[in-house]
Protein chains: 2
Amino acid sequence: MAAMKEIPYKIYLEEHEMPKAWYNVRADMKNKPAPLLNPATHQPMTAEELGVVFCKELVDQELDNTNPYIAIPQEILDFYKMYRPSPLVRAYCLEEKLQTPAKIYYKFEGNNTSGSHKLNSAIAQAYYAKKQGLKGVTTETGAGQWGTALSMACAYLGLDCQVYMVKVSYEQKPFRREVMRTYGASVTPSPSETTNVGRKILIEHPGTSGSLGCAISEAVEAATSQEGYRYVLGSVLNQVLLHQSVIGLETKAAMDKYGIKADIIIGCAGGGSNVGGLISPFVGEMLRGEADYRIIAVEPASCPSLTRGKFSYDYCDTGMVCPLAKMYTLGSGFIPSANHAGGLRYHGMSPTVSQLYHDGLIEATSVEQTEVFRVAQEFARVEGILPAPESSHAIKVAVDEALKCKETGEEKTIVFGLTGTGYFDMYAYQKFNDGTMTDYIPTDEDLAKGFASLPQVED
Amino acid sequence: MAAMKEIPYKIYLEEHEMPKAWYNVRADMKNKPAPLLNPATHQPMTAEELGVVFCKELVDQELDNTNPYIAIPQEILDFYKMYRPSPLVRAYCLEEKLQTPAKIYYKFEGNNTSGSHKLNSAIAQAYYAKKQGLKGVTTETGAGQWGTALSMACAYLGLDCQVYMVKVSYEQKPFRREVMRTYGASVTPSPSETTNVGRKILIEHPGTSGSLGCAISEAVEAATSQEGYRYVLGSVLNQVLLHQSVIGLETKAAMDKYGIKADIIIGCAGGGSNVGGLISPFVGEMLRGEADYRIIAVEPASCPSLTRGKFSYDYCDTGMVCPLAKMYTLGSGFIPSANHAGGLRYHGMSPTVSQLYHDGLIEATSVEQTEVFRVAQEFARVEGILPAPESSHAIKVAVDEALKCKETGEEKTIVFGLTGTGYFDMYAYQKFNDGTMTDYIPTDEDLAKGFASLPQVED
């Protein structure tokens, strides 16, 4: 049984210590992330063009590379108070289990019913849609965390919420679907008969179980073909990282309050929404020459966009209707294997995170899922929280680093993002518990197929 | 969008404000709950007899009707710090939705991975088992909240945990099962071939899907037939209410801190673990003549032990191997319908809660599940928390009382216990979302069959 030490076991900021503005790391970046391009003309997307698909104020945030702080509207601050601050927890029990001199902290974003950090951006995007006088929003969801968060936010604001859920997930994760329905969202299995692109795909590929790319294309079509609707996205975009900076800002405020200095900061990376938000204020310090950290983005070995991808313009969706983004990508034609961390199965990566990685400000590493679940189970047993598979990628690397400290005797301070809970991932845990989980690493040939789908764009 | 008022939206006690002792309401009761009786002799169970089945210190707590405060051991306080204090939340959004002048607060016990208040007693019982030098504990679980909490507590302390899970739940709730396995528990569908009573039942009733009563009997046999094991139970017993008093103590401390005075206190009631713990310190004030409250225990109309049961000695299990308890009961032979609030499907009620009800200190009411789910959905949409079906019984009555205030214009302060989250109850929500949920109220004839199973005991 672990004894408690001086600093509170869980650090909760007081209401007056919570961030009042999001931090826009692009303002401090010398090399800005490359602009989104029009998929037809390959010219930078204008605010007007983006405004057809996205809400107006979100377009402004997407394009703003200069303002370091953007005030959080009072209504969003009020909503944040419903579930924030999230705790920064000292992993005493994990440290004791590992017998490491390292000090391990995790920022736990799972303490809201949506179960993950996705709510931080969902409420912001829903708020701006409401403010613009829209009737509703459309989106896609795969693993379901984003769809759940958006459903919650829309229920709160009285907005219609239309979710296109990848058909295989719709069928295999009926409980995720029911959470969204309980929050009042309509959930349509994708591909569906409700859109042109869906009907086309159903004719070309009868019996297909869908893909995230197809669901994005359907959601975009649904948004642009209905009066008073816009499309929203839970990751990749600059605006999402901006909203998610609340994670990093709270983490930094809590650490500063108690004089804790991080040596290593670790986040799991799918589209980059979590890791981008967690690290933003710390990277900002590095960019301004005020501090130095080791920052590690962790991705699944089965979908290694940072560690094995190309830094190139690519489509954000397989339907190729969305703008092109310059990012580390495996190609929109890359088909990720059935890794159980659905939130990390994305061919690309946030352009901001990609640029930071390209400029050497952050590291990246990849890990295999069986080992991830082994560590997740160990973590659950000693820390009590059942982590989401996505989050567990960060735990795995935090544990590895803590074990290195055990060898060297160094008392490093390790901080990682625990993005959410695994309540809806018990099928994956079951596979692990039964010993039937397998690992998959794409071959160079697999990757070559994905790279062949990259568009030809002159930088 | 609701504006925030003066008192914090969520009241979290500081670490130094958290209770250091449990409150034993029996010490202040003039009419003590009747003693447990030996099922063979009908004589009060001695500590020695109880010690065969239960841990020694827990037996002492079970029999202690005199000490008002029992110190919480430091190791349990340390564990409580991992997930306590739980927040006392002002339901501003619900109030606004209802347009009521009532002030509604809820004590939210779902912010730990076990997902419910059950952890408060699970860690205590596991701690005393560990302290006694035992190898492990056995228990039964139906809905799965208790089994999950006990698995977590045992994982933390390195104790073996053997759970007998009602077979129908084992098969219909595979994810609950997997959570327990992830925490390292062994989970056996009951009835099983691992016990005499299980084998006997399988021969007599081939193909049976089991019952809570059968699972209890198997768990008790497993505990008494293995060296170094004891049986633990998640509700009904006095010791459980003692541990759960931490809910009420925190609630009262938070209210006192901000000068909030409750008018009505509401809890859902199955075996009584939650409502008994929540109300204890408030009932204590009433018993000592220091304050007056309206206290309401809410049960499902399908299993109405308080509102339609008899105050009588009865078996705690259908296998009739456990001690007899004097309580409000429908008879151990009563077969509850398939209500989706599995945690409230118990034929009896805590002897302490029963005595308080019998003495007129608390009220009881029953509600039907379709209406409960309607209110649960409404609550989820505005407050963001997806409530467990059990907890939603309390929400329903809190809403009813708030609507009465709307009619009368009274600004009553209503406090209810939100015992847990509904992540593992999405099948029930799906039935509600699909409009296929039904209600069931037992007829007087149904009840008569249950009462026929009551043992003949002279008081």
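If you're wondering where the values come from, they're calculated on a predicted model, not measured in any experiment.

**Overview of the overall build of chain A**
Argument step 1. For chain A, the helix and strand inventory stands at 18 helices and 15 strands.
Argument step 2. Taken against the 2.2 N^0.38 rule, which gives 23 Å for 459 residues, the C-alpha radius of gyration of chain A at 21 Å falls within 12% of a compact globule.
Argument step 3. Reported as C-alpha extents along the three principal axes, the dimensions of chain A are approximately 60 × 50 × 45 Å.
Argument step 4. Across the 459 residues that make up chain A, the buried fraction comes to 66%.
Argument step 5. Total accessible area on chain A is roughly 15600 Å²; 50% of this is exposed by carbon and sulfur atoms.
Argument step 6. Looking at charge distribution, chain A has the averaged site of its 42 positive side-chain charges lying 3 Å from that of its 54 negative ones.

**Some details on the confidence of the model for chain A**
Residue and element names in this part refer to chain A.
Argument step 1. Summary statistics for chain A give a mean pLDDT of 94 and a share of 98% for residues scoring 70 or more.
Argument step 2. Below a pLDDT of 50 lies the segment residues 1–5, which in the model reaches 17 contacts outside its immediate sequence neighbourhood of four places, other chains included.
Argument step 3. The ipTM assigned to the predicted complex is 0.88, against a pTM of 0.92.

**Considering the interface of chain B and chain A**
Argument step 1. Contact with chain B, which involves 49 residues of that partner, is made by 49 residues of chain A.
Argument step 2. For the pair chain B and chain A, the two sides together bury roughly 4500 Å², of which 60% comes from carbon and sulfur.
Argument step 3. Our count for the chain B to chain A interface comes out at two salt bridges.
Argument step 4. Asp434(B) is the partner of Arg181(A) in a salt bridge, and the nearest nitrogen-oxygen pair spans 2.8 Å.
Argument step 5. Counting across the interface, chain B meets chain A through 16 residue pairs in polar contact (both at pLDDT 80 or more).
Argument step 6. Contributing elements (two or more residues each) for the side of chain B that touches chain A: α3 (74–83), α6 (145–157), α8 (174–182), α15 (369–383) and α17 (426–434) of chain B.
Argument step 7. Within the side of chain B that touches chain A, the residues separate by chemical class into 27 nonpolar, nine polar and 13 charged.

**Description of a negative patch on the surface**
Argument step 1. Taken together, the side chains of Glu14(A), Glu15(A), Glu14(B) and Glu15(B) make up a negatively charged region of the molecular surface.
Argument step 2. One can find Glu14(B) in the loop between β1 (10–11) and β2 (21–23).

**Quick look at the environment of Gly342(A)**
All names here are of chain A.
Argument step 1. Within the fold, glycine 342 resides in the loop between β13 (324–329) and α14 (351–358).
Argument step 2. Here glycine 342 falls in the partly exposed class, since its relative accessible area comes to 26%.
Argument step 3. Remark: the alpha-carbon pair of glycine 342 and glutamine 162, spanning 180 residues in sequence, is separated by 20 Å.

**A few points about the sheet that holds strand β7 (residues 160–166) of chain A**
Residue and element names in this part refer to chain A.
Argument step 1. On the basis of which strands lie adjacent, the open sheet formed by four strands has the order β8-β7-β6-β9 and parallel pairing. The open sheet has two edge strands, β8 (186–190) and β9 (229–231), and neither has a second partner. Strand-to-strand twist of the sheet, defined as the mean angle between neighbouring strand axes without regard to direction, takes the value 25°.
Argument step 2. By the bridge criterion, three bridges tie strand β6 (residues 136–141) to β9 in an arrangement that is parallel. Counted as the bridge partner of valine 137 is arginine 230 from β9.
Argument step 3. Across the sheet, helix α6 (residues 145–157) is in contact with β6 and β7; its angle to β6 comes to roughly 165°.

**With respect to the packing of α3(B) against helix α5 (residues 119–131) of chain B**
All names here are of chain B.
Argument step 1. Closest axis-to-axis distance for the α3/α5 pair is 10 Å, and the angle between their directions is 150°. The angle between α3 and α5 places the two elements in the roughly antiparallel class. For the pair α3 and α5, the sense of crossing is right-handed. Contacts between α3 and α5 involve Glu75, Ile76, Phe79, Tyr80 and Tyr83 from the first element and Leu119, Asn120, Ile123, Ala124, Tyr127 and Tyr128 from the second.

**Digging into the relation of the copies chain B and chain A**
Argument step 1. Of the two same-sequence chains, chain B is brought onto chain A (RMSD 0.0 Å, axial shift 0.0 Å) by a rotation of 180°. The operation mapping one copy onto its partner corresponds to a two-fold rotation axis.
Argument step 2. Of the interface residues in chain B, 100% have counterparts in chain A that sit at the interface too, so the contact is made through matching surfaces.

**A short note on the packing of aromatic side chains**
Aromatic ring pairs are defined here through the distance separating the ring centres and the angle between the ring planes.
Argument step 1. Applying the stated criterion across every chain, the model contains 35 aromatic pairs over all chains.
Argument step 2. Ring geometry for Phe175(A) against Phe175(B): centres 6.2 Å apart, planes inclined by 85°, an arrangement best described as edge-to-face. Here the residue Phe175(A) occupies a position in helix α8 (residues 174–182), and Phe175(B) occupies one in helix α8, the pair thus bridging two chains.
Argument step 3. When the centroid spacing of 5.3 Å and the interplanar angle of 85° are considered together, the rings of Phe282(B) and Tyr293(B) count as edge-to-face. Of the two residues, Phe282(B) is situated in helix α12 (residues 273–287) and Tyr293(B) in the loop between α12 and β11 (294–300); the sequence distance between them amounts to eleven residues. Like Tyr293(B), Phe282(B) is buried.
Argument step 4. Through a chain of ring-to-ring contacts, the aromatic side chains of Phe79(A), Tyr80(A), Tyr83(A) and Tyr156(A) assemble into a single cluster.

**Overview of the pattern of salt bridges**
Argument step 1. The full count for this structure, using the stated rule, is 52 salt bridges over all chains.
Argument step 2. Measuring nitrogen to oxygen at the nearest pair gives 3.3 Å for the salt bridge that ties Asp60(B) to Lys56(B). Within this pair, Asp60(B) and its partner Lys56(B) are both found in helix α2 (residues 56–63), separated by four residues, close to a single helical turn.
Argument step 3. For Lys252(B), the salt bridge is made with Asp256(B), and the minimal N-O distance between the two is 2.9 Å. Highlighted residues: Lys252(B) and Asp256(B), both in helix α11 (residues 238–257), separated by four residues, approximately one helical turn.
Argument step 4. In the salt-bridge network here, residues are joined through shared partners; they are Arg84(A), Lys107(A), Glu109(A) and Glu250(A).

**Structural notes on the sheet that holds strand β9 (residues 229–231) of chain B**
Residue and element names in this part refer to chain B.
Argument step 1. One open sheet holds the four strands; their spatial order is β8-β7-β6-β9, and the pairing between them is parallel. Bordering the open sheet on either side are β8 (186–190) and β9, each of which pairs with just one other strand. When strand polarity is set aside, the average angle formed by the axes of neighbouring strands in this sheet is 25°.
Argument step 2. Bridge count between strand β6 (residues 136–141) and strand β7 (residues 160–166): six bridges; the pairing is parallel. Bridge pairing in β7 links threonine 139 to valine 163.
Argument step 3. Against the sheet, α8 engages β6, β7 and β8, with an angle of about 170° to β7.
Argument step 4. Lying over the sheet, helix α10 (residues 212–224) contacts β6, β7, β8 and β9, oriented at roughly 170° with respect to β6.

**Section: α2(B)**
All names here are of chain B.
Argument step 1. Regarding α2, the residues found buried are Leu58, Val59, Gln61 and Glu62. Seen from one end, α2 has its buried residues packed into an arc of 160°, which puts them on one side.
Argument step 2. Where α2 is buried, its residues meet β2, α1 (47–53), β3 (69–71), α5 and α11.

**Structural notes on the state of the cysteines**
Residues and elements named next belong to chain A.
Argument step 1. Taken as a whole and judged by the stated rule, the model has zero disulfides over all chains.
Argument step 2. Free cysteine cysteine 55: the closest other cysteine sulfur is in cysteine 154, separated by 9.9 Å.
Argument step 3. The cysteine cysteine 322 is free of any disulfide, with cysteine 316 supplying the nearest cysteine sulfur at 6.0 Å.
Argument step 4. Cysteine 322 gets classed as buried once you look at its relative accessible area, which sits at 10%.

**Topic: the side chain of Ser391(B)**
Residue and element names in this part refer to chain B.
Argument step 1. In this structure, serine 391 sits in helix α16 (residues 389–408).
Argument step 2. With relative accessibility at 0%, the residue serine 391 sits in the buried group.
Argument step 3. Only 3.1 Å separates the side chain of serine 391 from the backbone nitrogen of glycine 420, close enough to count as a polar contact.
Argument step 4. With near-sequence residues (within four places) excluded, serine 391 lies in contact with Cys268, Gly417, Leu418, Thr419 and Gly420.

**Quick notes on the pairing of β13(A)**
All names here are of chain A.
Argument step 1. Across the six residues of β13, six count as buried, placing the element largely inside the fold.
Argument step 2. Sheet topology places strand β12 (residues 310–315) next to β13; six bridges connect them, and they run antiparallel. Within β13, the residue paired with tyrosine 313 across the bridge is lysine 326.

**Comments concerning the pairing of strand β15 (residues 413–418) of chain A**
Residue and element names in this part refer to chain A.
Argument step 1. Among the six residues that make up β15, six are buried, leaving the element largely enclosed by the rest of the structure.
Argument step 2. Sheet topology note: the strand β5 (residues 103–108)/β15 ladder contains six bridges and is parallel. Counterpart to phenylalanine 108 in the pairing with β15 is leucine 418.

Quick notes on the rules
- Counting from 1, residues in each chain are numbered in the order their sequence is written.
- Starting at A for chains and at 1 for ligands, labels are handed out in the order in which the entities are written.
- Restriction of local features to residues with pLDDT of at least 70 applies here, the model being predicted, together with a cutoff of 80 or more for giving and counting side-chain atom pairs; totals for whole chains, interfaces and linings are based on all residues.
- For the side-chain quantities, the full set of heavy atoms in the structure was used; hydrogens and water were omitted.
- A run of DSSP states H or I qualifies as a helix once it reaches four residues; a run of E qualifies as a strand once it reaches two. Both are numbered from the N-terminal end.
- Our radius of gyration is a C-alpha quantity, and the globule rule it is checked against amounts to 2.2 Å times the number of residues to the power 0.38.
- Here's how the labels work: a residue is buried when its accessible area is under 20% of the maximum for its type, exposed when over 50%, partly exposed in between, all with a 1.4 Å probe on protein chains only.
- Surface accessibility follows the Shrake-Rupley procedure with a 1.4 Å probe radius. Residue values consider only the protein chains on display as shielding.
- In summary, the charge assignment counts Lys and Arg as positive and Asp and Glu as negative, without counting His or the chain termini.
- To locate a charge, take atom NZ for lysine, CZ for arginine, CG for aspartate or CD for glutamate.
- Note: pLDDT gives the predictor's confidence per residue, expressed from 0 to 100.
- A contact between two residues is defined here by any heavy atoms of the two lying within 4.5 Å.
- Buried area: the sum, over both parts, of the accessible surface (1.4 Å probe) that disappears when the two are put together.
- Definition used for salt bridges: Asp or Glu carboxyl oxygen within 4 Å of a side-chain nitrogen of Lys or Arg.
- Distance and chemistry together define a polar contact, namely a pair of N or O atoms within 3.5 Å, with one atom able to donate a hydrogen and the other to accept it when in protein, and with adjacent residues in sequence counting only for side-chain atoms on both sides.
- Polar here means any residue outside two lists: the nonpolar Ala, Val, Leu, Ile, Met, Phe, Trp, Tyr, Cys and Pro, and the charged Asp, Glu, Lys and Arg; Gly therefore counts as polar.
- Here a patch means residues that are over 30% exposed by relative accessible area and free of salt bridges, tied together within 9 Å if like-charged and within 5 Å if nonpolar (Val, Leu, Ile, Met, Phe, Trp, Tyr).
- At least two bridges found by DSSP between two strands is the condition for calling them paired.
- Only C-alpha atoms enter the line fits that serve as axes; for helices the fit covers just the stretch in contact. Angles between N-to-C directions range over 0 to 180 degrees.
- For classification purposes, angles smaller than 35 degrees are called roughly parallel, those larger than 145 roughly antiparallel, those between 65 and 115 roughly perpendicular, and all remaining angles oblique.
- Left-handed describes a crossing whose near helix is turned anticlockwise from the far helix through less than a right angle; right-handed describes the clockwise counterpart.
- A residue counts toward the fit only if its pLDDT is at least 70 in both copies, and the copies are then superposed by least squares on the C-alpha atoms of those residues.
- When the centres of two rings from Phe, Tyr and Trp lie within 6.5 Å, Trp using its six-membered ring, the rings pair. Their planes under 30 degrees apart give stacked, over 60 give edge-to-face, and anything left gives tilted.
- Think of the arc as the fan of directions from the helix axis to the C-beta atoms.
- Cysteine sulfur pairs qualify as disulfides if the two atoms are within 2.5 Å.

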